[in-house]
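Structural overview
Residues per chain are reported as follows:
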Amino acid sequence: MGEETLYDPSLLLELDFHKSPAKFEPFISAAHPGEPWMKVRPLQDGDYEKGFIQLLGQLTATGTVTKTQFLTRFSQMKALGDYYVTVIEDTRSKTIIGAASLVIERKFIRGCGLRGRLEDVVVNNTYRGKQLGKLIVVTVTLLANHLGCYKMSLDCKDKLIPFYTSLGYLLEPGNSNSMTIRYDGGSKLVSNLTAATNTLSLEGPS
Ligand SMILES: CC(=O)SCCNC(=O)CCNC(=O)[C@H](O)C(C)(C)COP(=O)(O)OP(=O)(O)OC[C@H]1O[C@@H](n2cnc3c(N)ncnc32)[C@H](O)[C@@H]1OP(=O)(O)O
């Protein structure tokens, strides 16, 4: 056990990083991440032991996630087939140091098109500033295109707009608000137009 992958890893070798507007200096890609000890790959069922949940804890509150819960969620995602949770492993320490998820939404519009959503981007704080954020985001962004999505969008804080803009995402005029209703804050339902959160898209409307 420990080597089951969430999706076919060979998909990552088919991505053309020259298609991205991201500037990599030096040039790196999912297939060649620049260090022999670095591996970009799909999430695996053994990644609970490799600190995947702890890494997500650098993004937001994870709550307590047991190994059983992790494996159950992994199996559900794999069965559904629309979850492309992608990670970077430091193979020296067997630790997950970066992650990003592509979630594919199946639509009726656009001729039963596919829309991609970029979720849960995080790089371990001791590895930041070394292009790994760009690497993991570009990986799942190219993957969405490769899988036939007509667009990919994300929600982020204001300070990350330059980061995502440099990777090809745009604030679309008149269409860049993110609204939220939270169900985890008590009995009252509170609807927020989150001014501090922005929606960026990689392609055209709807
Ligand atoms: C859709 C979502 O999930 S949004 C949530 C994003 N995640 C988080 O906020 C979690 C905490 N932050 C992180 O994990 C990291 O800071 C990340 C993922 C945002 C960036 O990872 P890094 O590995 O540091 O990014 P990388 O080295 O590729 O930097 C790329 C560029 O973005 C810039 N950048 C990186 N982080 C930030 C930031 N927090 N604010 C502003 N600019 C940033 C860098 O300066 C760099 O610019 P350059 O190319 O001109 O030098």
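Whatever comes next refers back to the structure up there.
Along each chain, residues carry numbers from 1 onward, in the same order as the chain's sequence is written. Given that the model is predicted, a residue must reach a pLDDT of at least 70 before its local features are reported, and side-chain atom pairs must reach 80 or more before they are shown or counted; all residues, however, enter totals for whole chains, interfaces and linings. Side-chain numbers come from the whole structure's heavy atoms, not from hydrogens or water.

Quick look at the packing of aromatic side chains now. The rule is short: rings of Phe, Tyr and Trp, with Trp giving its six-membered ring, pair when the centres are within 6.5 Å, and they are stacked under 30 degrees, edge-to-face over 60, tilted in between. Counted according to the given criterion, the structure contains 8 aromatic pairs. In textbook terms, an aromatic cluster arises when at least three aromatic residues are bridged by ring pairs, as seen for Tyr48, Phe52, Phe70 and Phe74.

Moving on: the site of the ligand. As a structural note, the neighbourhood of the ligand is formed by 18 residues, with Val121, Val123, Gly129, Gly133 and Lys134 the closest of them. Here Asp120 contributes a backbone N or O atom positioned 3.4 Å from an oxygen atom of the ligand. Throughout this description, a polar contact denotes any pair of N or O atoms lying within 3.5 Å of each other; where both atoms belong to protein, one of them has to be capable of donating a hydrogen while the other can accept it, and for residues adjacent in sequence the pair is counted only when both atoms sit in side chains. Gly129 has a polar backbone atom sitting 2.9 Å from an oxygen atom of the ligand. Strands here are runs of E lasting at least two residues and helices are runs of H or I lasting at least four, both read from the DSSP assignment and numbered beginning at the N terminus. Contributions of two or more residues to the shell around the ligand are made by strand S4 (114-123), helix H4 (132-146) and helix H5 (161-165). Grouping the amino acids of the shell around the ligand by side-chain chemistry returns 9 nonpolar, 3 polar and 6 charged. Any residue with a heavy atom lying within 4 Å of a molecule or strand is counted as near it. Lys, Arg, Asp and Glu make up the charged group, whereas Ala, Val, Leu, Ile, Met, Phe, Trp, Tyr, Cys and Pro make up the nonpolar group; the residues left over, Gly among them, are polar.

Turning next to the pattern of salt bridges. Only one rule defines a salt bridge in this text: a Lys or Arg side-chain nitrogen within 4 Å of an Asp or Glu carboxyl oxygen. Here the structure, examined in full by the defined rule, presents 9 salt bridges. One salt bridge connects Glu4 with Lys78, and the closest N-O pair in it is separated by 3.2 Å. Taken as a pair, Glu4 in the segment before strand S1 (38-42) and Lys78 in helix H2 (residues 67-80) lie far apart in primary sequence, 74 residues in all. A 1.4 Å probe rolled over the protein chains alone gives each residue an accessible area, and that area as a share of the maximum for its type sets the label: buried under 20%, exposed over 50%, partly exposed in between. Given the relative accessible area of 39%, Glu4 is considered partly exposed. Residue Lys78 is classed as partly exposed on the basis of its relative accessible area, which comes to 33%. Among the ionic contacts, a cluster of salt bridges with common partners joins Arg41, Asp47, Lys50 and Glu89.

In the case of a regular strand, side chains alternate between the two sheet surfaces. Counting buried positions along strand S3 (residues 95-106) yields 9 of 12 residues, so the element is predominantly enclosed. DSSP bridges decide pairing: two strands pair if at least two such bridges lie between them. Of the pairings in the sheet, the one linking strand S2 (residues 83-90) to S3 comprises 8 bridges and is antiparallel in character. Considered in S3, the bridge of Glu89 is made with Ile96. Here S2 hands over to S3 after 4 residues, with Lys94 in that stretch at a positive phi of 50 degrees. In this sheet, S4 lies alongside S3 in antiparallel orientation, the contact comprising 8 bridges. In the strand pairing of S4, Ser101 is matched with Glu119.

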